[in-house]
Amino acid sequence: MTVPTGRRERKKAATRQKIADTALRLFLERGYDAVGIRDVAAEADVAVTTLFSHFASKEALVFEQDPGFEQRLTQAVTGRAADEPLVPALRREVLALVRHCTADGAAPIWRMIDSSPSLREYEESMRLRHADSLGRAVAADLGLPEGATACRTIARFAIDAYALAREAADPEAAVDEIFRMIEAAWEVGRPS
């Protein structure tokens, strides 16, 4: 995500971050299901309406970096150098996201997500949305129709690569292995 430049935007970003940090702390301390929206708002010293102006749902509090992740994925396609191939650009961004989500301190958050049906469902819908957005970016970059199958497929593969690698014993090696397969599939199925 871009850094807010104006005072008002910085204050909004700081409030959003304070709410997200408070929510995550409470969820990890007490358990996701034991903490309500009112608890988070009270602890963050904001009104419930303020919380909802920043986050559409309780689940969104856990995935507060979601908009930035989606933006980074599409920018890996749209912001790459003209001579840089698509798959290496996607690999680099997926690897960065995997590193972020497997960093020290992330394990308790993933255990919480894995133990909550509503969080697992939210994560799955988020991944599908990311894949759709990424597929559209790939199609636009190649000058193809928005729903081009190859573009939608490569996007799904990249998003699934992130999820699979994040869960692997050696996430970086998993990214390498998965992207070798993605590269081979793209070479065979890439639109001309």
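Keep in mind the model is a prediction, meaning the values are calculated, not measured.

Peer 1: Any chance you could explain the pattern of salt bridges here in plain terms?
Peer 2: Any two side chains of opposite charge can pair, so long as their charged atoms come close to each other. One pass over the full model with this rule turns up 14 salt bridges. Taking the shortest distance from any N to any O, the salt bridge between E123 and R127 comes out at 4.0 Å. Highlighted residues: E123 and R127, both in helix α8 (residues 117–142), separated by four residues, approximately one helical turn. R127 matches E123 in its accessibility class, with the two residues each being buried. A salt bridge links E123 to R166, with the nearest nitrogen and oxygen atoms 3.4 Å apart. Here E123 is found in helix α8, whereas its partner R166 is found in helix α9 (residues 149–167), with 43 residues between them in sequence. We classify R166 as buried; its relative accessible area is 8%.

Peer 1: Is there a simple way to think about the nonpolar core in this case?
Peer 2: Note that soluble globular proteins tend to have their nonpolar side chains buried in a common cluster. Counting residues in hydrophobic clusters, the biggest one holds 57 residues, and the most contacted among them are F27, V40, L134 and F179. A per-element tally of this core places α9 first, with nine residues. Residue contacts for L134: discarding those within four places in its chain leaves L73, T74, V77, L90, A155, A158 and I159.

Peer 1: Would you mind showing me how to read the packing of helix α1 (residues 7–30) against helix α2 (residues 37–44) here?
Peer 2: Angle between the axes and distance between the axes: these two values describe a pair of packed helices. Direction vectors running N to C along α1 and α2 enclose 120°, while the axes themselves pass 9 Å from each other. With respect to each other, α1 and α2 are oriented oblique. For the element pair α1 and α2, the recorded crossing hand is right-handed. Judged by residue contacts, K18, I19, T22, A23, R25, L26, F27 and R30 of α1 engage D39, V40, E43 and A44 from α2.

Peer 1: Looking at this structure, how should I read helix α6 (residues 86–101)?
Peer 2: Note that an α-helix has 3.6 residues per turn; residues three or four places apart therefore point the same way. The first and last C-alpha atoms of α6 sit 23 Å apart over 16 residues, in line with the 22 Å expected at 1.5 Å per residue. All buried positions along α6 are accounted for by L86, V87, A89, L90, E93, V94, L95, L97, V98 and C101.

Peer 1: Which parts of the structure should I look at to understand the packing of aromatic side chains?
Peer 2: We describe a pair of aromatic rings using the distance from one ring centre to the other and the angle between the two ring planes. Scanning the entire structure with this criterion turns up two aromatic pairs. Relative to Y122, the ring of F63 lies with its centre 5.4 Å away and its plane at 20°, an arrangement referred to as stacked. Of this pair, F63 sits in the loop between α4 (58–62) and α5 (66–78) while Y122 sits in helix α8, and the two are 59 residues apart along the sequence. Positioned above the aromatic ring of Y32 is the side chain of K58, whose terminal nitrogen or guanidinium carbon lies 4.2 Å from the ring centre. If you follow R166 out to its NZ or CZ, it ends over the ring of W110, 3.4 Å from the centre.

Definitions and cut-offs
Residues numbered from 1 in each chain as written. Predicted model: local features only at pLDDT ≥ 70, side-chain atom pairs only at ≥ 80, totals over all residues. Heavy atoms only, no water. Salt bridge = Lys/Arg side-chain N within 4 Å of Asp/Glu carboxyl O. Helix = DSSP H or I, 4+ residues; strand = E, 2+ residues; numbered from the N terminus. Buried < 20%, exposed > 50% of the residue type's maximum accessible area, 1.4 Å probe, protein only. Core = buried A, V, L, I, M, F, W, Y, C linked by side-chain atoms within 4.5 Å. Contact = heavy atoms within 4.5 Å. Axes fitted to C-alpha atoms, helices over the stretch in contact; angles between N-to-C directions. Parallel < 35°, antiparallel > 145°, perpendicular 65-115°, else oblique. Left-handed = near helix turned anticlockwise from the far one by under 90°. Expected span 1.5 Å × (residues − 1). Phe/Tyr/Trp six-rings, centres within 6.5 Å; stacked < 30°, edge-to-face > 60°. Lys NZ or Arg CZ within 6 Å of the ring centre and 35° of its normal.

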